[in-house]
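Topology and contacts: notes
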Amino acid sequence: MAEFPDEGKNGASNQIESSSSTQLEPDLDEIGETRGYIVDASLIQDKTLVENLKLANDGHTILIPQPSEDPNDPLNWSWFKKHRMLIIISATAFLADYGSATGAVSLLPQSVIWGMTPDQVNHSQAGNVFMLGVGGLTTIILSAYFGRLPVLFYFVILALVTAIWCSAATSFDSFMAARILNGFFSTVAQGGGLMFVKDLFFFHEHPRKINIWAGFVILSPYVGPLFTAFILSATKWNWGFGLLTILTGLCLLAIVFFADETYYNRKIPVTQRPVPQSRIKRLFGIEQWKTVQQRSTLWEATVRPFKVVAKPTVFISMTYYMCTFAWVVGINTTLSIFLTPLYNFGLRQIGFFYFTPVVAAILGEVIGHWLHDLAGRIFMRRNNGVLEPEARLIVIWLSTPFVVSGLILLGFCLQNGYHYMLTSLAWGLYVFGIMITTVAIASYNLDCYPEGSGEVGAWLNQFRTIGGFIISYEQDIEGGAGAYYMIM
């Protein structure tokens, strides 16, 4: 991040003035990522400097980016249409880790049926987790070239096909192939989530909208085993993936009937922007193909993610996130194996045990709804109205103690056989901290590089899945419990 040329409110005013004097709609994103964001017009002494800037309905929040006069601009869509799209994207993002974690419980009966050890069956889990990251990067590259909507549509179709394949598999080799492919295609809205949030919402809305999307993502790896444990207590393991198939089909129907293209090029005149004609044509990518020259070339789209990850702020923050989130996957993929011999849990007890992280994630989402905005407001008061991206990281001071203490305590509980209620508490502390950390890291990187919203979102997904892949593939099943506190 570049430093500010001046300090205080006058410095803030100068940066608005330098932009508004040169163009009708200043690129406030570009100004913000280099010199800090001015969100509240009431903090500017000379009000004439913001007379030409569009404000929110409250009369003092500056809209970043400045919306065009075009009604087809996604920023000008109605509240209902925007949030309908957000829910569709969030629900679709839910599928990836939900399906991945479903295998964490089903591996127990599968190992018996196929005459394998749980560790061997767990390899399918590792392959699925690895492809979640690869699929996210592929999503961003293709979306930058072909458009958001058709990539979302085609990927979810293939996610549905591979989910059906998972539920119908009769051998481990077939099941593993289906799991790997399902991981690649089902991650489309998880890897591309920040891209849609940036397309649809203004800067001041980002933390709360990311919080909604991240809530679905963090909940999914716990809801999957919760449902599957109860399913397995009553019927075959195939129905765990049958439920995944049903959920994927519902998301596909929502996309077909309600989703729309969110990409909007603000760098070209309104007269050159394509006029939407048919949503069905946009769904299949026909309209987007006619204006492909107005988006990145395929080479540019391929190179962009690697340029973004080379940024020190992105790489450092993503590495931190990888080291903290990896244990979401590590715990999830092995906990059912630990709980059975340690506490003599059956499938129903394992299912009830998963209520702990679900409640913890919901608490983190609810508290985060206000916490992230509060941190930003406190930062602006102390910095004369300037909001820098680093303000998003303040809440990590709160979340990190929950992550560290929960992870260490969980390791001791599993290693020494402490009471299952203490194990449950430790897991809840960790998940609560991860929920808040996820939104903070995502918001920080989006503020740093708003023009690379898709890329930072994809790398967020890639780094956490790399960590999860390493843990789920290499963790020794017999001695893995001690790793939970030794790694810290």
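Parameters at a glance
- Residues numbered from 1 in each chain as written.
- Predicted model: local features only at pLDDT ≥ 70, side-chain atom pairs only at ≥ 80, totals over all residues.
- Heavy atoms only, no water.
- Helix = DSSP H or I, 4+ residues; strand = E, 2+ residues; numbered from the N terminus.
- Rg over C-alpha atoms; globule rule 2.2 N^0.38 Å.
- Buried < 20%, exposed > 50% of the residue type's maximum accessible area, 1.4 Å probe, protein only.
- Contact = heavy atoms within 4.5 Å.
- Areas by Shrake-Rupley, 256 points an atom, 1.4 Å probe, with all protein chains shown as cover.
- Lys, Arg positive; Asp, Glu negative; His and termini not counted.
- Charge placed at Lys NZ, Arg CZ, Asp CG, Glu CD.
- Core = buried A, V, L, I, M, F, W, Y, C linked by side-chain atoms within 4.5 Å.
- Axes fitted to C-alpha atoms, helices over the stretch in contact; angles between N-to-C directions.
- Parallel < 35°, antiparallel > 145°, perpendicular 65-115°, else oblique.
- Nonpolar A, V, L, I, M, F, W, Y, C, P; charged D, E, K, R; others polar.
- Expected span 1.5 Å × (residues − 1).
- pLDDT = per-residue confidence, 0-100.
- Disulfide = S-S within 2.5 Å.
- Salt bridge = Lys/Arg side-chain N within 4 Å of Asp/Glu carboxyl O.
- Patch = residues over 30% accessible without salt bridge, like charges linked within 9 Å, V, L, I, M, F, W, Y side chains within 5 Å.
- Left-handed = near helix turned anticlockwise from the far one by under 90°.
- Phe/Tyr/Trp six-rings, centres within 6.5 Å; stacked < 30°, edge-to-face > 60°.
- Lys NZ or Arg CZ within 6 Å of the ring centre and 35° of its normal.

1. Looking at the overall build of the protein chain
For the protein chain, the count of helices and strands is 20 helices and two strands. Here the C-alpha atoms of the protein chain give a radius of gyration of 23 Å, agreeing with the 23 Å that 2.2 N^0.38 yields for 488 residues. Counting only C-alpha atoms and orienting by the principal axes, one finds that the protein chain spans roughly 75 × 50 × 35 Å. Put simply, the protein chain has 488 residues, and 60% of those count as buried. Across the protein chain, every contact between residues at least 6 apart in sequence was considered, and the portion connecting residues at least 24 apart equals 79%. Only carbon and sulfur atoms are counted for the fraction: they give 65% of the accessible area of the protein chain, which is about 19,700 Å². Taking the 30 positively charged and 35 negatively charged side chains of the protein chain as two groups, their mean positions are separated by 7 Å.

2. Observations regarding the nonpolar core
Core analysis: the largest hydrophobic core is formed by 116 residues, its most contacted members being Ile255, Leu335, Trp427 and Tyr430. Contacts of isoleucine 255, omitting those with residues within four sequence positions, involve Ile88, Thr92, Leu149, Leu152, Phe153, Val156, Arg279 and Leu283. By size, the runner-up hydrophobic cluster in this structure holds 17 residues, among which are Leu28, Ile44, Ile64 and Met380.

3. Observations regarding the packing of helix α9 (residues 206–232) against helix α16 (residues 355–382)
Following both chains from N to C, one finds α9 and α16 inclined at 175°, their axes separated by 9 Å at the closest point. In this view, α9 runs roughly antiparallel relative to α16, as classed from their interaxial angle. For the pair α9 and α16, the contacting residues are Pro207, Arg208, Asn211, Ile212, Gly215, Ile218, Leu219, Tyr222, Val223, Leu226 and Phe230 in the first and Phe355, Pro357, Val358, Ala361, Ile362, Gly364, Glu365, Gly368, His369, Trp370, His372 and Asp373 in the second. Residue composition of the contact of α9 with α16, grouped by class: 14 nonpolar, six polar and three charged.

4. Things to note about helix α6 (residues 172–186)
Spanning 15 residues, α6 covers 20 Å between terminal C-alpha atoms, matching the ideal 21 Å at 1.5 Å per step. Turning to α6, its buried residues number three or more, namely Phe172, Phe175, Ala178, Arg179, Asn182, Gly183, Phe184, Phe185 and Ser186. In this fold, the buried residues of α6 make contact with α3 (79–113), α4 (118–146), α5 (148–168), α7 (188–191) and α10 (238–258).

5. Description of the confidence of the model for the protein chain
Per-residue confidence for the protein chain averages 85 on the pLDDT scale, and 90% of its residues sit at or above 70. When pLDDT is averaged over each helix and strand of the protein chain, the minimum, 42, is found for helix α1 (residues 8–20) and the maximum, 96, for α5. Across residues 1–24, confidence stays below pLDDT 50; counting only partners more than four residues off in sequence or on other chains, it has 42 contacts. A low-confidence stretch, residues 476–488 (pLDDT under 50), is modelled with 32 contacts involving residues beyond four sequence positions or located in other chains.

6. With respect to the state of the cysteines
Using the criterion set out here, one finds zero disulfides in the structure. Free of any disulfide, cysteine 251 has its nearest neighbouring cysteine sulfur in cysteine 166, separated by 16 Å. Free cysteine cysteine 448: the closest other cysteine sulfur is in cysteine 323, separated by 19 Å.

7. A word on the pattern of salt bridges
If you walk through the whole model with that rule in mind, you get ten salt bridges. Arginine 464 is the salt-bridge partner of aspartate 97, the closest N and O atoms lying 3.2 Å from each other. Placement of aspartate 97 in helix α3 and of arginine 464 in helix α19 (residues 453–474) is noted, with a sequence separation of 367 residues between them. Assessed through its relative accessible area of 6%, aspartate 97 is described here as buried. Connected through salt bridges with shared partners, the residues Lys81, Asp260, Arg282 and Glu287 form a single ionic network.

8. Comments concerning a nonpolar patch on the surface
A cluster of nonpolar residues, Trp239, Ile246, Leu250, Leu253, Phe257 and Phe258, forms a patch on the protein surface that exposes about 660 Å² of accessible area. Tracing the chain through its elements places phenylalanine 257 in helix α10. The exposure class of phenylalanine 257 is exposed, given its relative accessible area of 54%.

9. As for unusual backbone geometry
A cis amide bond links isoleucine 64 with the next residue in sequence, proline 65, at an omega value of -5°. Here proline 65 shows up in the loop between β1 (37–38) and α3. A positive phi angle, near 60°, is found at asparagine 344, a position not held by glycine. With respect to the helices and strands, asparagine 344 occurs in the loop between α14 (312–343) and α15 (347–353). Under the relative-accessibility criterion, asparagine 344 is labelled exposed at 68%.

10. A closer look at the side chain of histidine 372
By secondary structure assignment, the location of histidine 372 is in helix α16. If we ignore the near neighbours within four places in the chain, the residues touching histidine 372 are Pro207, Asn211, Arg392, Val395, Ile436, Val439 and Ala440.

11. Structural notes on the packing of α9 against α10
Where α9 meets α10, the closest approach of the two axes is 8 Å, and the angle between their N-to-C directions is 135°. It follows from the interaxial angle that α9 and α10 lie oblique. When you trace α9 past α10, the crossing you get is right-handed. Here Phe227, Thr228 and Ile231 of α9 lie close against α10, whose contacting residues are Trp239, Gly240 and Leu243. Broken down by class, the residue content of the contact of α9 with α10 amounts to four nonpolar, two polar and no charged.

12. Focus on the packing of aromatic side chains
For any pair of aromatic rings, geometry is given as the distance between the ring centres together with the angle between the planes. The full count for this structure, using the stated rule, is 32 aromatic pairs. Here the aromatic rings of tyrosine 37 and phenylalanine 203 are separated by 4.0 Å at their centres, their planes lie at 15°, and the arrangement is stacked. Residue tyrosine 37 is located in strand β1, and its partner phenylalanine 203 is located in the loop between α8 (193–200) and α9; the two are separated by 166 residues in the primary sequence. A residue is classified by how much of its surface remains accessible, and phenylalanine 203, at 2% relative accessible area, is buried. Aromatic side chains tyrosine 145 and tryptophan 289 sit 6.1 Å apart centroid to centroid with 80° between the ring planes, which places their arrangement in the edge-to-face category. In this pair, tyrosine 145 sits in helix α4 while tryptophan 289 sits in helix α12 (residues 286–290), placing the two residues 144 residues apart along the sequence. Through successive ring pairs, a cluster of aromatic residues spans Tyr222, Tyr343, Phe345, Phe353, Tyr354, Tyr420 and Trp427. Stacked on the ring of tryptophan 77, the Lys or Arg lysine 81 has its end atom at 4.1 Å from the ring centre.

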